[in-house]
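Here is how the chains run, residue by residue.
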Amino acid sequence: MTSRTGALRAVEPGETPAVKPPVTIEEAAERDDDLGQLRLTRRAIARKLDDVNCPARDMAALSKRLMEIGKEIASIEARAAQEDDQHAEVEDGVFDASAV
């Protein structure tokens, strides 16, 4: 039997499990992680725009796409925050068997 360095445990209330963010756009695509894909694509475009060898003819298109991706990311994050608010925990009521 092999031993593990970290024991498995249940996630505590209010705690989210640790998930490593994708490292490549391909990895994000394989995970169906749209937000991860957008963030990695945004980073790649930003690096390209910062590159002194980036052709001037590409600057406008890359800049426009960078702004569009930023808006898409903000939209997804706002939608996720709204869904979290709608799924907030509520206190359980008293069960009334006669109501069934």
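The coordinates are above.
Source: prediction; values computed, not measured. (Residues numbered from 1 in each chain as written. Predicted model: local features only at pLDDT ≥ 70, side-chain atom pairs only at ≥ 80, totals over all residues. Heavy atoms only, no water.)

Draft legend 1. Local environment of the pattern of salt bridges. For the structure on display, the rule yields five salt bridges. Put simply, Arg-57 and Asp-58 hold a salt bridge, and the shortest N to O gap is 3.8 Å. Overlapping salt bridges bring together Arg-65, Glu-68 and Glu-72 as one network. (Salt bridge = Lys/Arg side-chain N within 4 Å of Asp/Glu carboxyl O.)

Draft legend 2. Local environment of the nonpolar core. Counting residues in hydrophobic clusters, the biggest one holds nine residues: Leu-35, Leu-38, Ile-45, Leu-49, Cys-54, Leu-62, Leu-66, Ile-69 and Ile-73. Listing elements by their share of this core, those giving two or more residues are helix H2 (34–50) and helix H3 (56–86). Setting aside its immediate chain neighbours within four residues, Ile-69 contacts Leu-38, Thr-41, Arg-42 and Ile-45. (Core = buried A, V, L, I, M, F, W, Y, C linked by side-chain atoms within 4.5 Å. Buried < 20%, exposed > 50% of the residue type's maximum accessible area, 1.4 Å probe, protein only. Helix = DSSP H or I, 4+ residues; strand = E, 2+ residues; numbered from the N terminus. Contact = heavy atoms within 4.5 Å.)

Draft legend 3. Examining H3 more closely. The end-to-end C-alpha distance of H3 is 46 Å, a good match for the 45 Å that 31 residues give at a rise of 1.5 Å each. For H3, the complete set of buried residues consists of Leu-62, Leu-66, Ile-69 and Ile-73. Next to the buried residues of H3 lie H2. (Expected span 1.5 Å × (residues − 1).)

Draft legend 4. Up close: the environment of Lys-48. Mapped onto the fold, Lys-48 is located in helix H2. Counting along the chain gives 11 residues from Lys-48 to Met-59, while the straight-line C-alpha distance between them is 8.9 Å. Dropping the residues within four chain positions of it, Lys-48 is found in contact with Cys-54 and Leu-62.

Draft legend 5. Local environment of the environment of Glu-12. When you line up the elements, Glu-12 lands in the segment before helix H1 (25–30). You can call Glu-12 partly exposed: its relative accessible area is 47%. Sequence separation between Glu-12 and Val-23 is 11 residues; the distance between their C-alpha atoms is 27 Å.

Function-wise, these values are silent; they only describe arrangement.
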